[in-house]
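Descriptive structure summary
Here's the letter readout for the chains.
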Amino acid sequence: MTAFRPLRLLLDGDALVANWRWLAGQSGPAACGAAVKADGYGLGAVEVVRRLANAGCRDFFVATWAEAEELGPLPEGTTLSVLHGVRDEDMALARVLEARPVLNTVQQVNRWQATGRPCDVMIDTGMNRLGLSVQHVADGRLADLTIDTLMSHFACADEDSPLNDRQLQDFVTLAGKTSARRMSIANSAGILLGPQNCLGLTRPGLALYGGEPRPEARGHIVQVAFPQAQIVQRRRVARGDSVGYGATFVATQDTEIAILNIGYADGYLRSFGDSGSCGEGRFPVAGRVSMDLLAIAVDAQPDLHEGDWVAIDYDLPTAARASGLSQYELLTVLGRRFDRIWRQS
Ligand SMILES: *Cc1c(COP(=O)(O)O)cnc(C)c1O
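Residues numbered from 1 in each chain as written. Predicted model: local features only at pLDDT ≥ 70, side-chain atom pairs only at ≥ 80, totals over all residues. Heavy atoms only, no water.

1. Comments concerning helix H10 (residues 316-323)
Threshold: Type-normalised accessible area, obtained with a 1.4 Å probe on protein chains alone, sets the label of each residue: buried when under 20%, exposed when over 50%, and partly exposed for intermediate values. Only runs of H or I of at least four residues qualify as helices and only runs of E of at least two qualify as strands under DSSP, and these elements are numbered from the N terminus. Directions from the helix axis toward the C-beta atoms define the arc. In what follows, a contact means two residues having at least one pair of non-hydrogen atoms within 4.5 Å.
For H10, the set of buried residues is Leu316, Pro317, Ala319, Ala320 and Ser323. One face of H10 carries all of its buried residues, which in axial projection span an arc of 165 degrees. As for H10, its buried residues are in contact with helix H11 (327-332). Just downstream of H10, glycine 324 is the residue with a positive phi angle, here 80 degrees.

2. A short note on the environment of cysteine 32
Residue position: cysteine 32 is located in strand S2 (residues 31-32). Given a relative accessible area of 6%, cysteine 32 falls into the buried group. Along the chain, cysteine 32 and aspartate 339 lie 307 residues apart, while their C-alpha atoms are 29 Å from each other. Setting aside its immediate chain neighbours within four residues, cysteine 32 contacts Trp20, Leu23, Ala24, Ser27, Cys57, Leu201, Thr202 and Pro204.

3. Some words on the pattern of salt bridges
Condition: Any carboxyl oxygen of Asp or Glu that lies within 4 Å of a side-chain nitrogen of Lys or Arg is treated as forming a salt bridge with it.
Under the criterion given, the structure shown has 19 salt bridges. In this structure, the salt-bridge partner of aspartate 12 is arginine 343, at a minimum N-O distance of 3.2 Å. Of this pair, aspartate 12 sits in the loop between strand S1 (7-11) and helix H1 (13-26) while arginine 343 sits in the segment after strand S19 (339-342), and the two are 331 residues apart along the sequence. Looking at aspartate 12, the relative accessible area reads 13%, which means it is buried. Its salt-bridge partner being aspartate 14, residue arginine 343 comes within 2.7 Å of it at the nearest N-O pair. Note that arginine 343 is positioned in the segment after S19 and aspartate 14 in helix H1, a separation of 329 residues in sequence. Here arginine 343 falls in the partly exposed class, since its relative accessible area comes to 45%. In this structure, a network of salt bridges that share partners links the residues Asp59, Arg100, Asp120, Asp148, Arg181 and Arg182.

4. Some points on the site of the ligand
We count it as follows: Nearness of a residue to a molecule or strand requires only that one of the residue's heavy atoms be within 4 Å of it. Definition of a polar contact: a pair of N or O atoms within 3.5 Å, with one able to donate and the other able to accept a hydrogen when the atoms are protein atoms, and with sequence-neighbouring residues admitted only if both atoms are side-chain atoms. Computed by Shrake-Rupley with a 1.4 Å probe, the accessible areas treat only the displayed protein chains as cover when residues are assessed. Residues are grouped as follows: Ala, Val, Leu, Ile, Met, Phe, Trp, Tyr, Cys and Pro are nonpolar; Asp, Glu, Lys and Arg are charged; all remaining types, including Gly, are polar.
Looking at the ligand, there are 14 residues lining it, with Lys37, Tyr41, Ser188, Leu206 and Tyr328 nearest. Between the ligand and the protein, one listed contact pairs an oxygen atom with a side-chain N or O atom of lysine 37 at 2.6 Å. Between the ligand and histidine 153 there is a distance of 3.5 Å, counted from a nitrogen atom to a side-chain nitrogen or oxygen. For the ligand, the protein covers 92% of the area, taking 390 Å² as the surface of the free molecule. Looking at side-chain class alone, the shell around the ligand contains seven nonpolar, four polar and three charged residues.

Rendered as structure tokens:
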């Protein structure tokens, strides 16, 4: 039997595809892929891959082999890359799945070389997170690999930092120095930094899902994920009375309060206490967020009743400013108690 849950994440598949198409346009002649790690940034990677593959996306990225396995069989004509490379523990799975590792270390190179199968390689150009060095290429460490895509990653593409140009310049010196058929450095923000960054392939994540990585995206990237919660109870709170843990909200006049079925255990974190809102700003959060519940002031709406659904304001740039969380965190914290429902189109 299906339990209809009291909270749901409405997902707009047309918006997802429109965002990808816009990013593909901004990528110019470069192919435009999609980062679907962390279960498609919390939306559900299987559905994201299916929809983007239908729209023409060919290159997908996950973090680990467990994520690759969870995706199941890939749509015809698409490929999957595993960003964290390949550990000894992954080799059995890596031999049977269709994905390629993105090799990051000399040990990973040595481990994969013997398979003779294609891979991608990550080059660190200044982020100092993952990747081999430019010097490793000069030293011939990659000579025996069949490389599909040579990759690097920007540290500050969401800012105007001199590091961006320096990373790109160091990376493009490697053109033609490996067996790679193409190069790739740009995430969502990197695409918006300009066409010189797009090279052979771009790898957006955040902007696909409605995030605004740089101001240039404003008006082009649209919201994809819309959380909604049901009203468990509606009550009148008398002037001078308080609401919730810590009694932090005190009614300055008689106030109508609705208690919603969502809380920090669902990823609606306490940083929204007294700063979040519902119904496009009409219903401010009243007091602290509980684990499973949220109080909102609904004076503006007399005919909202127990059992009605309320839209939680979750435009990512705005919600990030309200909560102090990053747009990435806002997507990836949304928990398992949501029904994830794709709008039909
Ligand atoms: C997550 C990730 C991306 C996507 O980044 P966004 O900022 O979400 O666009 C691209 N490349 C790599 C290596 C990543 O880890």
